[in-house]
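For reference, the chains in residue letters:
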Amino acid sequence: MPDPERPEGPGGYDPVGPRPHEAVSPTGQGGPMDLALQEAESVEGIERDGPPGGTGPGEKPRSLWSDAWHQLRRNPVFIISSLMILFLVIISIWPQLIASGDPLQCDLSKSQQGSSPGHPFGYDTQGCDVYTRTVYGARASITVGVCATLGAASLGSLLGGLAGFFGGWSDALLSRVADIFFGIPVVLGGLVFLSVVTSTTVWPVVGFIVLLGWPQIARIGRGSVITAKQNDYVQAARALGAGNSRMMLRHVAPNAIAPVIVVATIALGTYIALEATLSFLGVGLRPPTVSWGIDISNAASQIRNAPHMLLWPAGALSLTVLAFIMLGDAVRDALDPKLR
């Protein structure tokens, strides 16, 4: 029965509204009351279940790095490239795991012979086992790539970060010096710089790559620091009296390092290819060092008679460079929110 104390409007509409113990039910007429009820149910569901990203109201939101790792673990490109790089690192440290021979032990009577039992890649011109030399060649290439990347990234990010943070004459000086190094052709510079070096170790090649590789990292780091230091949290820290070192280490650097990591990861594969190019030209690594570039150079003149001499070291070099480029692309996609 209708409540005599609560008048009803036309069509049974209650102008007073429901009492606290009464539930609100849709009218079924598609009016404003039904729309309001639908919106209220949507908001209640979001508050109860949490946002679509999976972070509920009581959970701590993920940081950039944790969110990037969450995405990388589900990226097949990252998984495949990481497994390839892990395999290359393992065989560069312990090549004896998959190659029991000596890469410097040769037999001229087997010169340019093809595949045989125990020697699946055949022999080169000197009668050396191509499989063993291909496995041992990963050590020099990985060493040059990793050491050159660490050196160029450390030097470039340090100089670029300081120039971008302080600005002024230091920024102008760094920009002009970087422009000078950008104007030096890499291959021509390697021919001039390494032709006067007589060492057979990897360190002259690493030093040359660092010398010409740091300006690219410095330019990326400079721009990233300039962008990061303009954020509100950096200005707030400055207003609270934080020193330059604290702002740089605690607020600017952690938020500006992501582009440097992406560029350095991609550059690592480029540095490995550059080492092979310089070794192919005869100014990079030199015998008795085992290198893919040296083997490709020795096999270039015999490509018609013994193509297997060129196929295997060149294929290993291509897969290595591809793995690092794929890893860099996956890291870039994970660290750049605009690409998600």
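Our structure is the block above this text.
Report follows, based on the coordinates. Treat the numbers as computed from the prediction; the structure is a model and nothing was measured.

Rules used in this analysis
- Residues numbered from 1 in each chain as written.
- Predicted model: local features only at pLDDT ≥ 70, side-chain atom pairs only at ≥ 80, totals over all residues.
- Heavy atoms only, no water.
- Axes fitted to C-alpha atoms, helices over the stretch in contact; angles between N-to-C directions.
- Helix = DSSP H or I, 4+ residues; strand = E, 2+ residues; numbered from the N terminus.
- Parallel < 35°, antiparallel > 145°, perpendicular 65-115°, else oblique.
- Contact = heavy atoms within 4.5 Å.
- Nonpolar A, V, L, I, M, F, W, Y, C, P; charged D, E, K, R; others polar.
- Core = buried A, V, L, I, M, F, W, Y, C linked by side-chain atoms within 4.5 Å.
- Buried < 20%, exposed > 50% of the residue type's maximum accessible area, 1.4 Å probe, protein only.
- Salt bridge = Lys/Arg side-chain N within 4 Å of Asp/Glu carboxyl O.

As a further point, take the packing of helix α3 (residues 76-93) against helix α4 (residues 130-166). The contact between α3 and α4 brings their axes to 8 Å, and the two run at 105 degrees. Comparing their axes, α4 and α3 come out roughly perpendicular. For the pair α3 and α4, contact is made by L88, I91, S92 and I93 and by V135, A138, R139 and I142, respectively. Among the residues making up the contact of α3 with α4, the classes are represented as 6 nonpolar, 1 polar and 1 charged.

Next up on the list: the nonpolar core. Counting residues in each nonpolar core, the largest one holds 29 residues, and the members touching the most others are I272, L317, F324 and L335. For this core, the secondary-structure elements that each account for two or more residues are α2 (64-72), α3, α4, α10 (258-280), α11 (292-300) and α12 (308-335). Looking at this core element by element, the count peaks at 12 residues for α12. The residues contacting L317, other than those within four sequence positions of it, are I272, A276, W292 and I296. If you look at the next biggest cluster of nonpolar residues, it comprises 19 residues, including A148, L194, V206 and V210.

Tallied over the full model, the rule gives 6 salt bridges. For the salt bridge of D171 with R222, the shortest nitrogen-to-oxygen distance reads 2.5 Å. Residue D171 is found in helix α5 (residues 168-182), and its partner R222 is found in helix α7 (residues 203-228); the two are separated by 51 residues along the sequence. Judged by relative accessible area, D171 falls into the buried class, the value being 12%. Salt-bridge contacts for R332 lead to D329; the nearest nitrogen and oxygen are separated by 3.8 Å. Taken together, the residues R332 and D329, both in helix α12 and 3 residues apart, mark about one turn of the helix. For D329, a relative accessible area of 27% gives the class partly exposed. Three or more residues are tied together by salt bridges with common partners; here these are R176, D179 and R219.

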